[in-house]
Each structure stands twice: as structure tokens, then as C-alpha cells.
2 protein chains.
Amino acid sequence: MSDTTEQRPYHHGNLRMELLDAAERSLRTHGVEQLSLRDLARDIGVSHAAPRRHFADRRALLDALAESGFVRLGAKLRTAVDEIDDEDDLPARLHAFASAYVRFATENAALTGLMNSSKHRPGATAVAEAAAAAFGQISDLIEEGQERGELEEGDPEGIGLIVYATVLGITSMVNSGMIEPERLEGLVDTAVTQFLRGARPAQQR
Amino acid sequence: MSDTTEQRPYHHGNLRMELLDAAERSLRTHGVEQLSLRDLARDIGVSHAAPRRHFADRRALLDALAESGFVRLGAKLRTAVDEIDDEDDLPARLHAFASAYVRFATENAALTGLMNSSKHRPGATAVAEAAAAAFGQISDLIEEGQERGELEEGDPEGIGLIVYATVLGITSMVNSGMIEPERLEGLVDTAVTQFLRGARPAQQR
DNA sequence: CGCGAGAGTAGTCATTGACAACATTGTTGT
DNA sequence: ACAACAATGTTGTCAATGACTACTCTCGCG
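As annotated in an unreviewed UniProt entry, chain A carries the name TetR family transcriptional regulator and is attributed to Nocardiopsis ansamitocini.

Below, the structure is given as C-alpha cells:
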């Protein structure tokens, strides 16, 4: 059935997904502050109260958005790392990871901001889990590096945290306009390189 | 004249400052989303339109808050660095800088979030300047380190950016609940140490 | 085949930011 | 002194919004 001129049936049938889509568009073009449930409903062509059937309140919609963001980010990170064929090439894999992150985070600036601010909200366990899954990948990378003696010993998560923090900070600065996007690649490069140098075991220095 | 039972004169005399004070309290306890101009006006006991004489709109109030935050942060950073008597002790100074930053940023979590999200708003030049002043200090530190040959050559600002980014990222993770505050000190410690190792000139490796 | 749950609608309310018109007070030039 | 006048507050109003309630439509299941 064509949906162009046809009257929409009483039941939309796909509202939840379409709400999320519209929400992400609005997020991208107008920012999170401007995102209004009634606006989305108007865009889609349903009544102002319809979204309530799918999201208890504005927060719930934003949380769902953040969760979906983390899932997609996780996937991007995974494929980026896996694309480095040489499984033992830690520098390359770390670099791929960092690059993929900053690309996603700068191409989806507003969404990333939302993701980073929602993941602490109590009750948003789904968001937290999605975030942990995305982040967990770097711990694995670090762990492998340690096993092969390329990185100093110590809590893999703690060490990974540093890398993650740096990348997070860089994108935050780009997204807030503090530094120009052109410098992104270079900064990520030096960040990863310096990290690898700084985290080498003592006997290799 | 006592101001306890006395009727407030028609002209408050200090509304702007008191608004900023109340705003910061509200920010701290309820977060930026809940901050409402009318609420502040009620708290202070003026009419709902009074704030408009001092801040064109909600954004302007938030920007002023962010600016004041950067000014205070800058001062904290400066004194922290200056408290290290040995002017040549780069590690100690860098550490003091990072420590002071994370302390401020975690003790003023919501304010920091606001600061980091406002500094890009076009037209908020005052905010941008305050931010640059606070951040510029680290460039100076790096430059000194380079002059004494303790750090590899290269754009001081670029190198400083990495440190700043890492510290920014760490606090962002703490403030969003991704990592526990107890780990803060340790993380900052390793971050600074690793940075210094990684940024040493080649011949010293 | 009817009926109940799921999904959408219309109506309402309190809150809010923004704005305009008006009131009060402090200041300044003469 | 004192009459403009600029600052600063006040009341009143409006449109938008999120949240809630009561009602309606449809479809699938027993």
C-alpha cells in the first residue's frame, strides 16, 4: 500500500521507531534543548499525546536515544578494530579504535553529548549496559597488549580508562568548538602514540 | 539598616549577583535542566520579570554562570600551580594542575558540565575568553618543560591539549557516574605520569 | 463473534520563557 | 531645587510545553 496520499490508518504501526528517528533528526539539527515531544508528534502527524504510549516522558525518549547511540557506537568500534587484520598489532588496533570513536562522536555531536550525560541517570540501566559494552572493548585490547608484554602490568580497565578519557576529552573539546575539527586526526595520533610510549613496561624504555 | 524584618526597598540593589548565587545553588542541587528563572525570582522574592533586567534570557544567565565558573577555575589552577615552590619541577606542577582541575570539576559537577557545553555558543565571547585564560596556563607549563628539554618539541598548545583532554575526560567519566570518585586520584596520577613518560624527548628514552 | 488490551485522540492544567505596559526610584544637568 | 531621564521592578498576558485523564478506534484471541 502506498503511503503517499493514502490516509494514515488509525494505528500508525511503527510509531516508536519513527519517533526515535525524528528525535534523532531534531537532535542533530536543533540540539537536545529544543527537542520537544509535541514537535515530534507534529512532524510525524500524530496527536500530541501519542508519544506517551511509547515513552513515559521526555527523559525516557532521550534515554532510548542514548541507548541506541551506544549500541551503534559499540558496533562501529568493534568493526573498526576487527578491520585491522593483524590481531597482534596493538598500536594499529588502538589507533583504529580511537579514530572510530572520534569519528562517531564528531559526526553525532549532539547525540554523543546526550549519551555522556544520560548514562549516569539512576534507573537507566539499559543505557549503562550499552555504554559498558562499548567501552569494554578497550579493556580487552589493553589486556591483550599486557599478555604480549607490550604494556606495563596493572588493572587493564584502569589503563584503558586513560585512553578512553583522552579520546573522550578530545572529542568534547572539538564538539564544544574549543579546537578545530582539522586538528582531530593529528591529536588522536599523538595521543595514542604518547600513550603507547608512556605505558610500555619499564625494561623496554 | 537590618534587612531581616524590614520591607525590601523597591530596588533590590544587588539582584544580579543574588541571581547568580541562587542560580548556582539551584544548579548544584537540581541540575541545569531544572533551573528556572521564575524559580530564582521566587527564591529571592522579586517579581517573575525582574531577572530580565539583568539577563536577556535564560541562556544569558547560564552563560554568565559559565563565565564566572571559568574565572574561578582559572584562579584555582593558578594558585595550585604556584603553590609548588620549585618552579622547575614540571611533574609536580603538572600534577598540581591536574589535581586542582579534577577537584574543581567534581566539586562543581553541574557547573562544569554547563561550562563545557556553553563555551561554543556563538556570541558567548566572554565565556570563550575566560575558558581560554584558564586553559592557557597549561600551555605555559608545557612550554617551560620544552625549554628545559624535559619534553619533546612541538606545538606546546597541541601537547597541552592532550593533557587537558585526558583530565577533562576523566572528570567527565566521574561526573557521569561511569567511574567511582575514589579512583580519581589514582587515575590522575597515572595519567600525568604516563604523559610525562610518553612526551619525553627521544634521546632520554 | 465479542471483548479486551494496545494504540491513538482530544481536552485540560500548571509551569515556563518571553514580552509589553506601567510604576518607582536614583541620578544628572542646569 | 528640580525636572527630565535612565535603571530597575511590577503586573498582566501569550504561546509552547510536558504531563495527565477520559474517551475512541482496531485488531487479535478465546
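Alright, that's what it looks like, and here's the rest.
## What to know about the interface of chain A and chain B
Interface size is commonly expressed as the accessible surface area that is lost when the partners come together. Facing 37 residues of chain A, the contacting portion of chain B comprises 36 residues. Interface area, chain A with chain B, both sides summed: about 2,900 Å², of which 62% is carbon and sulfur. Counting the surface chain A buries against chain B, the share from its top three residues, A:Ile162, A:Gln194 and A:Arg197, is 19%. In this structure, the connection of chain A to chain B is made through 8 salt bridges. A salt bridge links B:Arg59 to A:Glu33; the nearest nitrogen and oxygen atoms lie 3.9 Å apart. Summed over the shared surface of chain A and chain B, the result is 9 residue pairs in polar contact (both at pLDDT 80 or more). Breaking the side of chain A that touches chain B down by element, the ones donating at least two residues are helix H7 (156-175) and helix H8 (184-198) of chain A.

## Quick look at the confidence of the model for chain A
Here chain A shows a mean pLDDT of 90. Residues at 70 or above account for 94%. Every residue in residues 1-6 of chain A scores below 50 in pLDDT, and together they form 1 contact with partners more than four places removed in sequence or on other chains.

## What about the packing of aromatic side chains?
Residues and elements named next belong to chain A. One pass over the full model with this rule turns up 4 aromatic pairs over all chains. Measuring from centroid to centroid gives 5.6 Å for Tyr 101 and Tyr 164, while their planes differ by 70°, and the two rings are edge-to-face. Residue Tyr 101 is found in helix H4 (residues 90-107), and its partner Tyr 164 is found in helix H7; the two are separated by 63 residues along the sequence. Side by side, Tyr 101 and Tyr 164 carry an identical accessibility label, which is buried. Centroid distance Phe 135 to Tyr 164: 4.7 Å. Interplanar angle 70°. Geometry classified as edge-to-face. Of the two residues, Phe 135 is situated in helix H6 (residues 125-147) and Tyr 164 in helix H7; the sequence distance between them amounts to 29 residues. For the pair Phe 135 and Tyr 164, a shared accessibility class is recorded, and that class is buried.

Cut-offs and rules
Residues numbered from 1 in each chain as written. Chains lettered and ligands numbered in written order. Predicted model: local features only at pLDDT ≥ 70, side-chain atom pairs only at ≥ 80, totals over all residues. Heavy atoms only, no water. Contact = heavy atoms within 4.5 Å. Buried area = accessible area lost by both parts, 1.4 Å probe. Salt bridge = Lys/Arg side-chain N within 4 Å of Asp/Glu carboxyl O. Polar contact = N/O pair within 3.5 Å; in protein donor to acceptor, adjacent residues only side chain to side chain. Helix = DSSP H or I, 4+ residues; strand = E, 2+ residues; numbered from the N terminus. pLDDT = per-residue confidence, 0-100. Phe/Tyr/Trp six-rings, centres within 6.5 Å; stacked < 30°, edge-to-face > 60°. Buried < 20%, exposed > 50% of the residue type's maximum accessible area, 1.4 Å probe, protein only.

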